[in-house]
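Coordinate analysis (summary)
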Amino acid sequence: MEGKPELTKEIERLLAGADNAIKEATSYLISQGEVVDLAEWVTIKEYCNRFGVKNVETVVNWINRGIIPAENVRTIEEFNHTRLIRAIPYKVKVSQ
């Protein structure tokens, strides 16, 4: 099957890049006196991927409405104000 080795190489390159970014972020946070388990805390986009949320705006709305509690949201200013949220499922109550 043509293209498969190239796809595998691209996937490996992307995974290596992600691993490097995680190591860099972990090193930075530890140097600032903070320890953040990046398996427990994820970006909003990663949260959407893990839990099948269709768009980032939905999760941002949950943060703004308090569905995701403030203690489960962290903002890392040094990484362009990236918000991390605790990677657990949040239940949204639907009004009837």
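Now for a look at the structure at hand. (Residues numbered from 1 in each chain as written. Predicted model: local features only at pLDDT ≥ 70, side-chain atom pairs only at ≥ 80, totals over all residues. Heavy atoms only, no water.)

**A few points about the overall build of the protein chain**
- The helix and strand tally for the protein chain stands at three helices and three strands.
- Sequence-ordered secondary structure for the protein chain, helices as α and strands as β, is α-β-α-α-β-β.
- Taking all 96 residues of the protein chain together, the buried fraction comes to 22%.
- Long-range contacts, defined as pairs at least 24 residues apart, comprise 47% of the intrachain contacts of the protein chain with a sequence gap of at least 6.
- When the accessible surface of the protein chain is totalled, it reaches about 7,300 Å², and 54% of it is carbon and sulfur. (Helix = DSSP H or I, 4+ residues; strand = E, 2+ residues; numbered from the N terminus. Buried < 20%, exposed > 50% of the residue type's maximum accessible area, 1.4 Å probe, protein only. Contact = heavy atoms within 4.5 Å. Areas by Shrake-Rupley, 256 points an atom, 1.4 Å probe, with all protein chains shown as cover.)

**Observations concerning the pairing of strand β2 (residues 73-76)**
- Of the strand pairs in this sheet, β2 and strand β3 (residues 82-86) are connected by four bridges, and their pairing is antiparallel. Along β3, the bridge assignment pairs I76 with T82.
- Connecting β2 to the antiparallel partner β3 that follows it, the hairpin turn spans five residues, and N80 within it adopts a positive phi of roughly 60°. (Pairing = 2+ DSSP bridges.)

**A look at the nonpolar core**
- Core analysis: the largest hydrophobic core is formed by 14 residues, its most contacted members being Y47, V53, V59, W62, I63, I68 and I85.
- For this core, the elements supplying multiple residues, two or more each, are α2 (44-51) and α3 (56-65).
- Contacts of I85, omitting those with residues within four sequence positions, involve E40, W41, V42, Y47, V59, I63, I68, N72 and V73. (Core = buried A, V, L, I, M, F, W, Y, C linked by side-chain atoms within 4.5 Å.)

**Notes on the sheet that holds β2**
- A sheet is described by the order of its strands in space; here three strands give the open sequence β1-β3-β2, paired in antiparallel fashion. The sheet is open, and its two edges are formed by β1 (41-43) and β2, each paired on a single side. Averaged over neighbouring strand pairs, the angle between their axes works out to 35° when direction is ignored.
- Pairing analysis gives three bridges linking β1 to β3, with the strands arranged antiparallel. (Axes fitted to C-alpha atoms, helices over the stretch in contact; angles between N-to-C directions.)

**A closer look at the packing of α2 against α3**
- Axis separation between α2 and α3 bottoms out at 9 Å; the angle between their running directions is 110°. If you check the angle between α2 and α3, you find them roughly perpendicular. Across the interface between the two elements, I44, K45, Y47 and C48 from α2 touch V56, V59, V60, W62 and I63 from α3.
- Here the contact of α2 with α3 is composed, by residue class, of eight nonpolar, no polar and one charged. (Parallel < 35°, antiparallel > 145°, perpendicular 65-115°, else oblique. Nonpolar A, V, L, I, M, F, W, Y, C, P; charged D, E, K, R; others polar.)

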